[in-house]
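Architecture at a glance
Chain by chain, the residues run as shown.
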Amino acid sequence: MVKKCIFALAVVALLVTIAPAQTPNPDGQPSGSVKRDGDWPWTYKAIDLCTMKIFMDVGHFVQLEKCGDREVILKQVVCSTIGKGSGDFPCYEGCEEIKVRANFPAILGANISKVGPILDGVDKYWVGDNFQLTGSGAWEPRTICVKAWKAKLWEAGSPNNKTHVGNLTITVKPPDGGG
């Protein structure tokens, strides 16, 4: 019987040294042997640590809508309509409306390069001298025209309503003083 009592005391002594883990109390304070930081033991939540600004190096941007589809078709006109006299016959003129957008105030320009021997006198102009862009990013319509005089029609070889006689290159730059 003494053996049984000693054995029972040993078992009770072992149970006293083992303490079960406890759950935190309802007011969020740690209790027992459980460490608690907010809600982390139950569900890990991300916390905001730092907010950084994101910057991008944005350069000058200009776009001409449907550039590859554009063409100027010169049609014969009375020479006085382009500011030329009868000695400049035959005279031609053609215009193309374009849409351009930019992220900076810009100045449009143009260059003409002749293809073949047909064009002699040639010039270009913007309708209404409207060649400046606001830089708002919105599409801005502009019209560019080409006029030609003293055309050498006999150099064409044969009649054709689309004989390639030159190229018009639209240029762009910021206004003087930056942009």
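See the structure shown above.
Scope of this entry: the structure provided in the associated data block. (Residues numbered from 1 in each chain as written. Predicted model: local features only at pLDDT ≥ 70, side-chain atom pairs only at ≥ 80, totals over all residues. Heavy atoms only, no water.)

1. Thoughts on the overall build of the protein chain
The line we're drawing: Counting from the N terminus, the helices are DSSP H or I runs at least four residues long and the strands are E runs at least two residues long. Any residue under 20% of the maximum accessible area for its type is buried, any over 50% is exposed, and the rest in between are partly exposed; the area is computed with a 1.4 Å probe on protein chains only. We call two residues contacting when some pair of their heavy atoms lies within 4.5 Å. Calculation of accessible area relied on Shrake-Rupley with a 1.4 Å probe; when residues are assessed, cover is drawn exclusively from the protein chains displayed.
Broken down by element type, the protein chain carries one helix and eight strands. Secondary structure elements of the protein chain, listed N to C terminal, follow the sequence α-β-β-β-β-β-β-β-β. Evaluated residue by residue, the protein chain yields a buried proportion of 21% over its 179 residues. Looking at the protein chain alone, contacts between residues at least 24 apart form 70% of all its contacts between residues at least 6 apart. Total accessible area computed for the protein chain in this model is approximately 13300 Å², and 58% of it derives from carbon and sulfur atoms.

2. What about the side chain of Glu96?
This is how the line gets drawn: Polar contact is defined as a pair of N or O atoms within 3.5 Å, subject to the rule that within protein one atom must be able to donate a hydrogen and the other to accept it, and that residues adjacent in sequence are counted only when both atoms are side-chain atoms.
Relative to the helices and strands, Glu96 resides in strand β3 (residues 91–102). By relative accessible area, which is 18% here, Glu96 ends up buried. Within polar-contact distance, the side chain of Glu96 engages the side chain of Arg70 at 3.2 Å. Those residues within four positions of Glu96 in sequence are excluded, and the remaining contacts are Arg70, Glu71, Val72, Arg142, Thr143 and Ile144.

3. Here we look at the environment of Lys173
Summarising the element assignment, Lys173 is placed in strand β8 (residues 166–173). Taking relative accessible area as the criterion, Lys173 reaches 40% and is therefore assigned partly exposed. A sequence separation of 111 residues divides Lys173 from Val62, and the C-alpha atoms of the two residues are 9.6 Å apart. For Lys173, the contacting residues outside a window of four places in its chain are Phe104, Ala106 and Ile107.

4. Some points on the environment of Ile82
Its place among the elements puts Ile82 in the loop between β2 (75–77) and β3. For the pair Ile82 and Trp149, spaced 67 residues apart in sequence, the C-alpha to C-alpha distance is 8.8 Å. With residues near it in sequence (within four places) discarded, Ile82 still touches Val77, Cys91, Tyr92, Glu93, Lys147, Ala148 and Trp149.

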